[in-house]
Amino acid sequence: PDISHLRYASHQPPLYYLIGAALLKLTGGSTWQQVLWLRLLNIVLGNVTLVVIYFIGRNLWPDKRDIAVGAVACVALIPGYVAATAQPRNDVLAELLFALVMLLSLLRLDGLSERRFVVAGGVLVGLGLLTRLSMYLAPAILLVAEIGYQRKGRMALTRTLSVLSGILLIALAFAGWWFVRNAVVYGNLDILA
């Protein structure tokens, strides 16, 4: 079909841009100052991601703090990571949310309650889908964590599927409107634009 009438520039999910717009509304300033504020936002998000990476490392190796610090150093010193966190773009928020999903998965394996896991997982996945569509992989990470938790003999497979369903329902409560919007704007049930 003829797609010349479609404009795919607005297909990016809105969360990062809404946060950036709110920041610019609060700070104002010239165009140059606004770019600096958006860069500062991403620098903060990138540094919070490094903190989450540290906690992931501490969770994996609780007795070896050096490994967690080394993991943070490895990521922090990657030139591409430094460059990406200095640019106004949604990737940095998506990386933070994905790191939080990884940490949540490890916490579940350590015995985090089902209710907290479902709610936090659903919120993180929902926010992630409103940030970057590559976050569709996050439920798979949470599923693997739940299966790992189940393998410790703590629950049945039907319960694992119930947990995953709860996570997906909460995520859709956050992000479902975005997919409906895409289907309406782009037609042909093109929910990913």
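Residues numbered from 1 in each chain as written. Predicted model: local features only at pLDDT ≥ 70, side-chain atom pairs only at ≥ 80, totals over all residues. Heavy atoms only, no water.

**Student:** Would you mind going over the overall build of the protein with me for this structure?
**Tutor:** Counting its regular elements, the protein contains eight helices and zero strands. Reading the protein from its N end, one meets helices and strands in the order α-α-α-α-α-α-α-α. With the principal axes as the frame, the protein shows a C-alpha extent of 55 × 45 × 30 Å. Counting across all 193 residues of the protein, residues that qualify as buried make up 38%. In the protein, of all internal contacts separated by at least 6 residues, the share reaching a separation of at least 24 is 69%. One way to put it: in the protein the 16 positive side-chain charges average out to a point 5 Å from where the 9 negative ones average out. (Helix = DSSP H or I, 4+ residues; strand = E, 2+ residues; numbered from the N terminus. Buried < 20%, exposed > 50% of the residue type's maximum accessible area, 1.4 Å probe, protein only. Contact = heavy atoms within 4.5 Å. Lys, Arg positive; Asp, Glu negative; His and termini not counted. Charge placed at Lys NZ, Arg CZ, Asp CG, Glu CD.)

**Student:** Even after reading the chapter, I still don't get the nonpolar core, so can you show me in this structure?
**Tutor:** Soluble, globular proteins show a tendency: their nonpolar side chains are buried together. Of all hydrophobic cores here, the largest spans 34 residues; its most connected members are Leu 45, Leu 93, Phe 117, Val 125, Leu 142 and Ile 167. Looking at this core, the elements that each hand over two or more residues are α1 (15–27), α2 (31–60), α5 (91–109), α6 (114–129), α7 (138–154) and α8 (157–186). For this core, the element with the highest residue contribution is α5, accounting for nine residues. Not counting the four nearest positions on each side in its chain, Val 125 is found in contact with Ala 138, Pro 139, Leu 142, Ile 167 and Ala 171. (Core = buried A, V, L, I, M, F, W, Y, C linked by side-chain atoms within 4.5 Å.)

**Student:** Explain the packing of aromatic side chains here, please?
**Tutor:** Given two aromatic rings, one states the distance between the centres and the angle between the planes to describe the pair. Tallying each qualifying case throughout the model produces three aromatic pairs. With a centroid separation of 5.7 Å and 85° between ring planes, the pair formed by Trp 177 and Trp 178 is classed as edge-to-face. With relative accessibility at 6%, the residue Trp 178 sits in the buried group. Positioned above the aromatic ring of Tyr 149, the side-chain terminus of Arg 108 is 3.7 Å from the ring centre. (Phe/Tyr/Trp six-rings, centres within 6.5 Å; stacked < 30°, edge-to-face > 60°. Lys NZ or Arg CZ within 6 Å of the ring centre and 35° of its normal.)

**Student:** Teacher, can you tell me more about the pattern of salt bridges here?
**Tutor:** Close approach of charged atoms allows side chains of opposite charge to pair. With the rule as written, the count across this model stands at four salt bridges. Between Glu 146 and Arg 108 there is a salt bridge, and its shortest N-O distance comes to 2.8 Å. Taken as a pair, Glu 146 in helix α7 and Arg 108 in helix α5 lie far apart in primary sequence, 38 residues in all. The salt bridge involving Arg 159 is made with Glu 114; its shortest N-O contact spans 2.2 Å. Here Arg 159, found in helix α8, pairs with Glu 114, found in helix α6; they are 45 residues apart in sequence, far enough to count as distant. One continuous salt-bridge network, built from bridges that share partners, spans Arg 89, Asp 91 and Arg 132. (Salt bridge = Lys/Arg side-chain N within 4 Å of Asp/Glu carboxyl O.)

**Student:** Would you explain the environment of Arg 159 in this entry?
**Tutor:** Classification of Arg 159 as partly exposed rests on a relative accessible area of 37%. Along the chain, Arg 159 and Glu 114 lie 45 residues apart, while their C-alpha atoms are 9.9 Å from each other.

**Student:** Explanation requested: α1 in the structure shown.
**Tutor:** Working note: α-helix, 3.6 residues per turn, so residues spaced by three or four point in the same direction. Given a rise of 1.5 Å per residue, 13 residues ought to cover 18 Å, and the 18 Å separating the end C-alpha atoms of α1 matches this to within 8%. Every buried residue belonging to α1 is among Leu 15, Tyr 16, Gly 20, Leu 23 and Leu 24, and all of these are buried. Packing partners of the buried residues in α1 comprise α2, α5 and α6. (Expected span 1.5 Å × (residues − 1).)

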